[in-house]
Amino acid sequence: EVRPDEVAWITYTLFNMNDPVVGGYTPEKVALRRAMCLAYPVHDEIAIIYKNQAVKIDSPIAPGMAGYVAETSPTLAYDPAKAKALLDMYGYVDRDGDGYRERPDGSPLVVDQASVPEQRSRQRNELWRRAMDAIGIRMTFDKVEKLPDLRRQAQLGKVQAFSYGW
């Protein structure tokens, strides 16, 4: 049942599928993106950013809207141990002992999350940083001054990843 004061708002993370680090459809690139998603604590985002005034769903359609199906997806579970195992299996290992993994070819693994300088983005970036540190992925945060500029950069393929909502 949907209450009249509820608002449908969905937040998601986009990956640039043409980016040489996070993009592409080879098994190791799919594994990297899946591991990152498995390690991200959506429950903490709900608690901290949304002050427990949100719910996790595994659908692009919110409850109460036509087309919503109440089901869960194992690919959207929170499981940092599985994320680490997946990265290990596909060759993302820490070769130099600095605590961060390298790409399967041995080059540095750095993922940049673009964001705008606002409180919610800063809080989400901190959650991403802690989650990625926990599985050995170095994450940086490129700040874009205004949301329209971030959208434009994303459309031009100039960002690796960013979180967005509607």
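Residues numbered from 1 in each chain as written. Predicted model: local features only at pLDDT ≥ 70, side-chain atom pairs only at ≥ 80, totals over all residues. Heavy atoms only, no water.

Draft legend 1. Main features of the pattern of salt bridges. If you walk through the whole model with that rule in mind, you get six salt bridges. For Asp88, the salt bridge identified is with Arg101, shortest N-O distance 2.6 Å. With a gap of 13 residues between them, Asp88 in helix H3 (residues 80–89) and Arg101 in the loop between H3 and strand E2 (110–114) connect regions that are remote in the sequence. Residue classification places Asp88 among the partly exposed residues on the basis of a relative accessible area of 43%. (Salt bridge = Lys/Arg side-chain N within 4 Å of Asp/Glu carboxyl O. Helix = DSSP H or I, 4+ residues; strand = E, 2+ residues; numbered from the N terminus. Buried < 20%, exposed > 50% of the residue type's maximum accessible area, 1.4 Å probe, protein only.)

Draft legend 2. Spatial organisation of the sheet that holds E2. Read across the open sheet, the four strands follow the order E1-E4-E2-E3; overall the sheet is mixed. Edge positions in the open sheet fall to strand E1 (11–15) and strand E3 (138–140), since each of these has one partner strand only. Taking each pair of neighbouring strands and ignoring which way they run, the sheet shows an average axis angle of 30°. The pairing of E2 with strand E4 (residues 161–165) spans two bridges and is parallel. Bridging from a neighbouring strand, Gln113 pairs with Ala161 of E4. (Pairing = 2+ DSSP bridges. Axes fitted to C-alpha atoms, helices over the stretch in contact; angles between N-to-C directions.)

This is a description of form; function is not addressed.
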